[in-house]
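Chain by chain, the residues run as shown.
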Amino acid sequence: MRALDAIRRANLPGPPEDSVRLRVACLATVLASIAACASVGEVSRLTAGVAMVLVAAGTVFSHRTRVQPPGWAKVMVAAAAIAAFAWFFHSLTSADVITTIDAPLSLLLTSVLVVHSFHVPSRRDLLFSLAASAGLMAVAGAQAIDLRFGLYVVAWVCFGLWGLTEMWTSSSGGGRMSVAGLVCALAAMSAAAAAIFVVLPAPVVASRVSFVTQAGAGGPVGVAGALAGDSGSPAQLSRSGSPSSRIRVGGYLGFAGSLNTALRGSLATTLVMQVRAQRPSYWVGETFDTWNGQSWTEPQESSRPLRESSPFVLPVPVGAVPVGQADLQTFYVAGATADLVFHAESADELWFPTSRVFYSDDGTIVSPIGLGSGSIYTVESQVNAPTPAQLRSDANEQTLSPGTLEEYGQLPHPYPRVQALARSITAGDTTTYDKVQSLIGWIGAHTHYSLDIPPLPAGADTVDEFLFGNRVGFCEQISTSLAVMLRSLGIPAREAVGYVPGGYDPITDLWQVHADDAHAWVQVWFPGYGWQNFDPTAVVPPSNPSPGATALKDVAGALRRVPWVEVVVVLAGAGLVVLAVRRRRARPATWAARVARDTERAGRRAGRPRRPAETLVEYAASLDALAGTGSTWGRLASSVEASAYGGREPPPEAQRAMVAEARSSRVRRPAGAGVSAGG
Amino acid sequence: MSRWARPARPVAPIFVAVVIVALWWLVAHNGGSGWVQFLGDLVFGALCIGVLGPWLVVTRARLTVRGAPSDGVAGLPVDIRVDAGSRLRIRPVDPPGDEVFVGPARQKGAVDDRVTVVPVRRGVRDTVTVDIASAAPFALQWWTRRVQLPLPSTLHVSPRRGRPRPPSTSPQEDVGEVRQQPRTDMGLPRGARRYVPGDSRRIVHWRATAHAGKLMVRELEQPSAGPVTITVDLPDDPEEAERVAEGVLGTVAQLLDTGAPVLLGTLEPSGPVLAPVTDRLGAGRRLARAVARRADAAAP
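Residues numbered from 1 in each chain as written. Chains lettered and ligands numbered in written order. Predicted model: local features only at pLDDT ≥ 70, side-chain atom pairs only at ≥ 80, totals over all residues.

## A word on the overall build of chain B
Consideration 1: On a plain count of helices and strands, chain B comes out with 5 helices and 16 strands.
Consideration 2: Here chain B holds 300 residues, and 36% of them are scored as buried.
Consideration 3: Considering only contacts in chain B between residues 6 or more positions apart, those separated by 24 or more positions represent 65%. (Helix = DSSP H or I, 4+ residues; strand = E, 2+ residues; numbered from the N terminus. Buried ≥ 20, exposed ≤ 12 C-beta atoms within 10 Å, placed from the backbone. Contact = placed C-beta atoms within 7 Å.)

Okay, here's the thing in C-alpha cells:
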C-alpha cells in the first residue's frame, strides 16, 4: 500500500509552471540535444528538423494549456509513447542487435521528447525533458569521435544550467541568484566534474556488443588485394599535407609492396585515423622479410582472399603464438590512407565493411576497397606482452620451419663488418633478449637521428652506410640496421611499418594518429612468445640540432596546433564579458546619479563643463540659460538634490520619466560659445 | 537547534542521483566512449552541486531579524522583518506561521523580508524558531535546518480580549478577583506638605524634603473612585490559563474604559507584582509575563 501511495503521489499533477524563461531554457536544451544527435548521424537531418519544429510547437501548446491540460492530449501522449517503445523493442528483436541498437535508441528518445513536449504543464515535467535530453546527448556522444561534438556539449550544458537555475528561480518564488553565487556554483560543478574525470579510469571496450563498420569515402582500388602503393612510381614523392593520391599516403613511402630506405617523402601532419583501443600499441600495417641492401620487400604470393562476413576469423600468422590478452581496437579513418588494415600485434578477428579481405601469412591484412574518411573497422588482437625476465628465460623449442627460419634470417650478402660489429657488441650476452638490448644500446650510443640525411650513393648498402658512414638516419635506417645485425647473428627478425600510437585525447578516449606518426621498427622472433616489437629509434638522440632552426620549427608547429577559431571565439567572448562588466560598473546606481551624469554630459557636449564648486542646480540653471530650454535642467536638478539631500524620492514612474527626459534633452550650443565658457 | 542542514525530504533524490551516475558511468566505461563518460562527469558535477549545494547554502545561511514589534496579541499575525543573504524558504515553527520566501528577489534591488508569525498563546518571546530551507542553485534537492532567531526586542504576546467578568468584592474568589480597597498612595499629585505619621513611605517627596530640610510628602488628590485591584491567579493548565488571562484582560479593558484606576496583581517569574495599569497595552504586557503559581509554592 505504501508503494501504491508513493506511486499515486508521484503521479499527482504538479502546479502549472508559469515561467516562460524556464520553458525557453528547457526547449533550447532539448533542441541542442537533437541537433547533437543529428550531427553524429544518429538521426537524419530531416528527422531532426521535423523533431525540432514539433518540440517547439509542443512547448508552446503546453504553455498555453498549462492550467488545464486537455484530457485528449494526455491520452495522445501516452499512446504515442507506448507506440514508440513498442517500435523500439520490435527493432531490437527483429534486427541484428549488435549493429542497430544506437539508431533505434536515438530515435526512441527523440520521439519521447517530441511526444512529451505536448504535455509539459508543470515544473516536474520540464525536469523530465532535461533528463531525457541528457540521455539523447549520451547516445549521440557514444558515436562522437572528434572534438567538434564539444560545441554541442557546450551549448547543451549552457542551456541546461540556464534551465536548472530558472527552475530554482521559479521554485523559490521569484528569487534571484547573485552573480557570485552562480560563479561559485559553476566553479564547484566544474571542479566536481573534473575530479571525477581525473579519478575515473579511461573507458574501455569491455564487451563485443556494438561494432560499427563503414566503408567511408575511400572508393575502389585498382588491383584488389594489391597494395595501392604498388601502382605508383617509387620516384614520385607525394606532396606534404596533400595526400590527394592514395599511392603515397601522407608522404610515407613504406605502405607499399616494398620499402625503399633510400627515399623519404615529406610527412604531412594531417589526421589519418583515430583509434579506440584498450591499450596503446604500435599499429602494424605490414611486415617485410626480404632485404636487398636498399629495400625491403614482402612476398606477394602469400596473400590470399578470405571470403566471410564480419567478423572475419583470421588464421594465426606464421611465427605468432596465439595466446595473450584480447585487445579490441576500432579504427575511425579520418583521411585517405593506405588500403592496409592496421591492428595491434597479431589480429585474430576482424569486423570490416566488405565481404572479403586479403590476408598474408605474416599477418598483413589488405582491404579490397580504398579506406578513406568515414571508414570504420574493428580488430581483435591477441596481445602477448612478456616481461624481460620471461624473454630472457625463454627456452621453448623452436616452432618455425627451417624454410621460414631461413626466410627471416635472409641477407643479400654476408655483411662481414656488420657481423663482426654485432658479435663484438653482444660478446657477453647469452640470451636473444640481451643481445637485442645490447645492440639497441649500442645504436643509441653511437648513432644520431635526423630526417635530413644525404642521399644514398648509387649501389651503396643502407646498413653499411649507416653503421660505418655518418651514422645519421631516421627510423628506417636505424631499424634496418638492427634487423640486419640480428640476422647476422642468426636471430630471426623482420621490418615492420605502421604507426606509433599517436596522441591520446582524454575527452574522446581516442588515439589521434597523424600522417607523421608513420614509423618503422623491428620484430624479433622468440620461440615461446612469437614476434615481439623492438623500437631502436626511441633511444637514438637527435643529431646536432640547429638552435635557430629547431626553435623556428617548434614555434611553427606550436602555431599550427593552436585552435585559432576557438581561441578567437573565447577571446572575443571574454572581451565582451569584460566590456559588459565594466559598462555595468560604470552605470550609475540610482536614477538621480543617472540624471546628474546626463546633465553633465549634455553640458560638456555644449562646451560648458561643470565647475568644481558649482552645485548641480546652479549648473543646470546655467545650462537652461545657455540653451534656452526653459527650466528643464533646473527642474531635473532640483529633483535630484531633493532626492540626494532631502530624502524625497519621487515615485518610480516619475523617476523613469526624468531619466528619459535627461537622456533625450540636449543643450544646443549657441553661436560664439566656446570651451572657455566653462571657465 | 541543529547546526547542520538535513534533507527536507527523505534521501531518495540523493539515492536516485547516485544510481544515475553509477549506471551512466558503467555504460560509459564499458562502452568505451570518452564523450559519454565526459558527459557523465558533467551530469555528476551538476547533480553534486544540485544535491549538496543547498546543504552548504542552508548551513551557512545568515539570517537575522531586523525588526519586530514589541507587542502582539495571541491569535493575530505579527510581522517581523528579516535580513537574509541568500534566497531562503522560511516556515515559522514557534510561533507558527505561513511558509514564505525571503532574500533577494528577481527584480534588481528588490528584497523579500517579511515573515508573519501567529502566536497561539500569550507569553514573552525573545526568539522565534523557524525552519529555513533552500534548493539553490538547481532546485534538485531541498535541505532544511531549524534555527532560533533572536528578536531585537522582547515580544509581549498579550492574550486575546475575553469576555469581561463582573467585579466581585469577595476576596475568596479565585479567578479574576476584584477588591475595592482605597489606597493612600494613589491619586493625582497636587503639591507637597509636611509628613504626618501614617503617611506611606512611597509618597515621600525627597526633593522637597531636601529643599525644606523637613520630611515632606506628596499631597495627592484622591480620585473620585478608588482603584480596583485585580489579582490574577493562573492555573497550571495552559489552555485554562489562557482562558483566565483573556477574561482578566477583558475585565481590565472594560474597567479602563470606564476610567477606573486598576491595580493588577500577577505572579511573574521574578515574583509577585502588584502595580497599576493605565492602558490595555500595559495590561496585556503584564498578562503576557504572568505565570501560573506553582503547586509547591501555594499562597499562604
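## Focus on the overall build of chain A
Consideration 1: Along chain A, the regular secondary structure elements total 21 helices and 20 strands.
Consideration 2: Buried positions account for 41% of the 679 residues belonging to chain A.
Consideration 3: Summarising the internal contacts of chain A: among those between residues at least 6 apart in sequence, 77% fall at separations of at least 24.

## A closer look at the sheet that holds strand E12 (residues 365-366) of chain A
Residue and element names in this part refer to chain A.
Consideration 1: Within the open sheet, the 3 strands sit side by side as E6-E11-E12. Their pairing is antiparallel. The open sheet terminates on both sides in strands that have one partner only, identified here as strand E6 (304-307) and E12.
Consideration 2: Bridging between strand E11 (residues 356-359) and E12 involves 2 bridges; their strand directions are antiparallel. Residue pairing in the sheet places Phe358 in a bridge with Val366 of E12. (Pairing = 2+ DSSP bridges.)

## Re the sheet that holds strand E4 (residues 290-291) of chain A
All names here are of chain A.
Consideration 1: With antiparallel pairing, 3 strands are arranged side by side in an open sheet as E1-E5-E4. The two strands at the open ends of the sheet, each matched to only one other strand, are strand E1 (258-260) and E4.
Consideration 2: Examined bridge by bridge, E1 and strand E5 (residues 295-297) share 3 bridges and lie antiparallel to one another. Note on E5: the bridge partner recorded for Asn260 is Ser295.

## Some details on the interface of chain A and chain B
Consideration 1: With 44 residues of chain A in contact, the opposing surface of chain B contributes 36 residues.
Consideration 2: If you tally residues by element for the side of chain A that touches chain B, the top one is helix H9 (residues 179-199) of chain A, at 10 residues.

## Let's talk about the nonpolar core
Residues and elements named next belong to chain A.
Consideration 1: Counting residues in each nonpolar core, the largest one holds 196 residues, and the members touching the most others are Cys37, Val341, Leu350 and Leu486.
Consideration 2: Beyond its immediate sequence surroundings of up to four residues, Cys37 is in contact with Glu42, Val43, Ala48, Ser106, Thr110, Leu136, Val139 and Ala140.
Consideration 3: Formed by 16 residues, the second largest nonpolar core is a distinct cluster that contains Ala596, Ala602, Ala627 and Ala662. (Core = buried A, V, L, I, M, F, W, Y, C linked by C-beta atoms within 7 Å.)

## So, the packing of helix H7 (residues 123-143) of chain A against helix H2 (residues 34-59) of chain B
Consideration 1: Contact geometry for H7(A) and H2(B): axes closest at 7 Å, N-to-C directions at 155 degrees. Considering the angle they form, H7(A) stands roughly antiparallel to H2(B). Every residue of H2(B) that contacts H7(A) at A:Ala134, A:Met137, A:Ala138, A:Gly141 and A:Ala142 is listed here: B:Trp35, B:Val36, B:Leu39 and B:Val43.
Consideration 2: Looking at the contact of H7(A) with H2(B) residue by residue, the classes come out as 8 nonpolar, 1 polar and no charged. (Axes fitted to C-alpha atoms, helices over the stretch in contact; angles between N-to-C directions. Parallel < 35°, antiparallel > 145°, perpendicular 65-115°, else oblique. Nonpolar A, V, L, I, M, F, W, Y, C, P; charged D, E, K, R; others polar.)

## Considerations on the confidence of the model for chain A
Residue and element names in this part refer to chain A.
Consideration 1: Averaged over all residues, the pLDDT of chain A equals 83, while 89% of them reach at least 70.
Consideration 2: Counting interchain partners and residues more than four positions distant, the pLDDT-below-50 stretch residues 230-248 has 40 contacts.
Consideration 3: Low pLDDT, under 50, characterises residues 671-679; the predicted model gives this stretch 11 contacts beyond four residues in sequence or across chains. (pLDDT = per-residue confidence, 0-100.)

## Description of the pairing of strand E10 (residues 346-351) of chain A
Every other side chain in a regular strand lies on the same face of the sheet, so the side chains alternate between the two faces.
All names here are of chain A.
Consideration 1: Most of E10 is tucked away, with 5 of its 6 residues classed as buried.
Consideration 2: Pairing geometry for strand E7 (residues 312-313) and E10, over 2 bridges, is antiparallel. From the neighbouring strand, Val313 faces E10, where its bridge partner is Glu349.

## Describing H2(B)
Residues and elements named next belong to chain B.
Consideration 1: End to end, H2 covers 36 Å across 26 residues, agreeing with the expected 38 Å (1.5 Å per residue, within 8%).
Consideration 2: Maximum bend of H2: about 35 degrees, positioned at Leu52, with proline Pro54 one to four residues after it.
Consideration 3: For H2, the tally of buried residues reaches 21 of 26 residues, placing the bulk of the element in the interior. (Expected span 1.5 Å × (residues − 1). Bend = angle between axes of the 7 residues up to and from the residue.)

## Observations regarding the environment of A:Thr632
Residues and elements named next belong to chain A.
Consideration 1: Here Thr632 is to be found in helix H20 (residues 632-646).
Consideration 2: A count of 17 C-beta atoms within 10 Å places Thr632 in the partly exposed class.
Consideration 3: Spatially, the C-alpha atom of Thr632 lies 8.9 Å from that of Ala621, the residues being 11 residues apart in sequence.

## Re the packing of H9(A) against H2(B)
Consideration 1: Where H9(A) contacts H2(B), the two axes come as close as 8 Å, and the packing angle between them is 130 degrees. When the interaxial angle is binned, H9(A) and H2(B) end up oblique. Viewed along their axes, H9(A) and H2(B) form a crossing whose handedness is right-handed. Residue-level contacts link A:Ala185, A:Ala188, A:Met189, A:Ser190, A:Ala192, A:Ala193, A:Ile196 and A:Phe197 of H9(A) to B:Phe38, B:Asp41, B:Leu42, B:Phe44, B:Gly45, B:Ala46, B:Cys48, B:Ile49 and B:Gly53 of H2(B). (Left-handed = near helix turned anticlockwise from the far one by under 90°.)

## A few points about unusual backbone geometry
Consideration 1: Along the chain, B:Asp94 connects to B:Pro95 via a cis peptide bond; the corresponding omega equals -5 degrees.
Consideration 2: If you trace the backbone, B:Pro95 turns up in the loop between strand E5 (88-94) and strand E6 (100-104).
Consideration 3: Cis geometry is found at the peptide bond from B:Ala136 to B:Pro137, where omega equals 5 degrees.
Consideration 4: Following the sequence through the fold, B:Pro137 ends up in the loop between strand E9 (123-134) and strand E10 (143-158).
Consideration 5: Of note, A:Glu345 is a non-glycine position whose phi angle comes to about 50 degrees, a positive value.
Consideration 6: Note on placement: A:Glu345 falls in the loop between strand E9 (343-344) and E10.
Consideration 7: Assessed through the 26 C-beta atoms surrounding it within 10 Å, A:Glu345 is described here as buried.
Consideration 8: At B:Ala139, a residue that is not glycine, the phi angle is positive and equals roughly 60 degrees.
Consideration 9: Its place among the elements puts B:Ala139 in the loop between E9 and E10.

## Some words on the pairing of strand E16 (residues 493-499) of chain A
Residues and elements named next belong to chain A.
Consideration 1: Burial analysis of E16 places 7 of its 7 residues in the buried class, which makes it a mostly covered element.
Consideration 2: Of the two faces of E16, both are covered, the one formed by Ala493, Glu495, Val497 and Tyr499 as well as the one formed by Arg494, Ala496 and Gly498.
Consideration 3: In this sheet, E16 lies alongside strand E3 (residues 283-288) in antiparallel orientation, the contact comprising 5 bridges. Residue Trp283 lies in a different strand from E16, and its bridge partner there is Tyr499.
Consideration 4: Two elements, E16 and strand E19 (residues 518-526), share 7 bridges in a ladder whose sense is antiparallel. The partner of Glu495 across the bridge, within E19, is Val522.

## Focus on the confidence of the model for chain B
Residue and element names in this part refer to chain B.
Consideration 1: Per-residue pLDDT for chain B averages 83, and the proportion of residues at 70 or more is 84%.
Consideration 2: Of all helices and strands in chain B, the one with the weakest mean pLDDT is strand E11 (residues 177-180) (47), whereas strand E8 (residues 114-117) scores best (94).
Consideration 3: For this predicted complex, the interface score ipTM comes out at 0.74, while the overall pTM is 0.68.

## Some details on the environment of A:Met76
Consideration 1: Mapped onto the fold, A:Met76 is located in helix H4 (residues 71-94).
Consideration 2: Judged by the 14 C-beta atoms lying within 10 Å of it, A:Met76 falls in the partly exposed class.

## Some words on the environment of A:Glu476
All names here are of chain A.
Consideration 1: Within the fold, Glu476 resides in helix H15 (residues 475-488).
Consideration 2: On the basis of neighbour count, Glu476 is assigned to the buried category, with 25 C-beta atoms found within 10 Å.
Consideration 3: Linking Glu476 and Arg264, residues 212 residues apart in sequence, is a C-alpha distance of 9.4 Å.
Consideration 4: Apart from the residues lying within four places of it in its own chain, the contact partners of Glu476 are Leu259, Thr261 and Ala520.

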